[in-house]
Amino acid sequence: MAQIITIVLAGILTENMVLSKFLGICPFLGVSKKTNTAVSMGIAVTLVMLLATAVTYPILVYLLDPYGLSYL
């Protein structure tokens, strides 16, 4: 019985694609009542993604891949 409850809870909470997509767009929906704030939020998300990529790519290529640690 415990296994069934675990499977049901995992299906509802952790493996639920609809819930995870909703939680992912929730901050965007919270500030998108006006066009100006929606554009600002879009620009902010784009800049954060660019910055994160610019920081993590050199770490992957020059530090993790040469030492066989790319799984990290």
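Residues numbered from 1 in each chain as written. Predicted model: local features only at pLDDT ≥ 70, side-chain atom pairs only at ≥ 80, totals over all residues. Heavy atoms only, no water.

Some points on the overall build of the chain
Formally: Every helix listed is a DSSP run of H or I at least four residues long, and every strand listed is a run of E at least two residues long, numbered separately from the N terminus. Computed by Shrake-Rupley with a 1.4 Å probe, the accessible areas treat only the displayed protein chains as cover when residues are assessed.
Scanning the chain from N- to C-terminus turns up three helices and zero strands. Listed by position from the N terminus, the elements making up the chain come as α-α-α. When the accessible surface of the chain is split by element, carbon and sulfur atoms take 75% of a total near 6400 Å².

Quick word on the confidence of the model for the chain
Keep in mind that low pLDDT regions are not for reading the predicted coordinates in detail. Threshold: pLDDT is a per-residue confidence score from the predictor, ranging from 0 to 100.
Overall, the predicted model of the chain reaches an average pLDDT of 80, with 81% of residues at or above 70. Across the chain, element-level confidence peaks in helix H3 (residues 35-64) with a mean pLDDT of 86 and bottoms out in helix H2 (residues 17-31) with 64.

Regarding the environment of Asp65
Note the cut-off: Burial status follows relative accessibility: with a 1.4 Å probe on protein chains alone, a residue under 20% of its type maximum counts as buried, one over 50% as exposed, and anything between as partly exposed. We call two residues in contact when some of their heavy atoms are within 4.5 Å.
Here Asp65 is to be found in the segment after H3. Take Asp65: its relative accessible area is 41%, and that puts it in the partly exposed class. When residues no more than four places from it in sequence are discounted, the contact partners of Asp65 are Leu60 and Ser70.

Overview of a nonpolar patch on the surface
The cut-off we apply is this: Surface patches are defined over residues having more than 30% relative accessible area and no salt bridge, joining like charges when they lie within 9 Å and nonpolar side chains (Val, Leu, Ile, Met, Phe, Trp, Tyr) when within 5 Å. Within this document, salt bridges are pairs made up of a side-chain nitrogen of Lys or Arg and a carboxyl oxygen of Asp or Glu, the two lying within 4 Å of each other.
A cluster of nonpolar side chains, contributed by Met1, Ile4, Ile5, Val8, Leu9, Ile12 and Leu13, occupies part of the molecular surface with about 720 Å² of accessible area. Note that Ile5 resides in helix H1 (residues 2-14). Classification of Ile5 by relative accessible area gives partly exposed; the value is 45%.

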